[in-house]
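For reference, the chains in residue letters:
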Amino acid sequence: MIESVVHHVQELGAPVCRGYPQTKMRPPYIVVRPLSSTAEVQSLESTMVWSGEYAVYCVADTVWGSANLAMDVKKLLDGVYIDGTTLTASMSYTGSPVQGLYESLVTIQKMEV
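Residues numbered from 1 in each chain as written. Predicted model: local features only at pLDDT ≥ 70, side-chain atom pairs only at ≥ 80, totals over all residues. Heavy atoms only, no water.

Each helix and strand in the protein chain was counted, giving two helices and six strands. Secondary structure elements of the protein chain, listed N to C terminal, follow the sequence α-β-β-β-α-β-β-β. The 113 residues of the protein chain split such that 41% are buried. The long-range share in the protein chain, meaning contacts at least 24 apart out of those at least 6 apart in sequence, stands at 50%. (Helix = DSSP H or I, 4+ residues; strand = E, 2+ residues; numbered from the N terminus. Buried < 20%, exposed > 50% of the residue type's maximum accessible area, 1.4 Å probe, protein only. Contact = heavy atoms within 4.5 Å.)

Written out as structure tokens, the structure is:
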């Protein structure tokens, strides 16, 4: 399912990374990875991630750039039918300073019906 999420987010035109961004990647960009169940877990596809929950980090040079990109991701993915399930998207935080840039987080979950 993560590949389908990545594919949909690419429609926004910003570079999209699966897992972690490449060193010296220039903003704006988007990072998609499974949401870990513990702070210590940093694997991409382990058993220690919440099933069907993904973190979409939206990175930009400014707070507003990051927030706007995140709002675009949320609008794009909320209610989309992917791989046999409907997704729900929610804003987790916006404009957090990280290493001289700003990131906003959109959390994606499978909607169990």
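Attention now goes to the side chain of E103. By the element assignment, E103 lies in strand β6 (residues 101-111). For the buried E103, which has no salt bridge, the nearest side chain bearing the opposite charge is R33, at an N-O separation of 6.3 Å. Not counting the four nearest positions on each side in its chain, E103 is found in contact with Y57, C58, V59, S66, Y93, T94, G95, S96 and V98. (Lys, Arg positive; Asp, Glu negative; His and termini not counted. Salt bridge = Lys/Arg side-chain N within 4 Å of Asp/Glu carboxyl O.)

All told, the structure shown has two salt bridges when counted by the stated rule. For the salt bridge of E3 with R18, the shortest nitrogen-to-oxygen distance reads 3.2 Å. With E3 in helix α1 (residues 2-9) and R18 in strand β1 (residues 16-18), the pair connects residues that are 15 residues apart, well separated along the chain. A relative accessible area of 47% places E3 in the partly exposed class.

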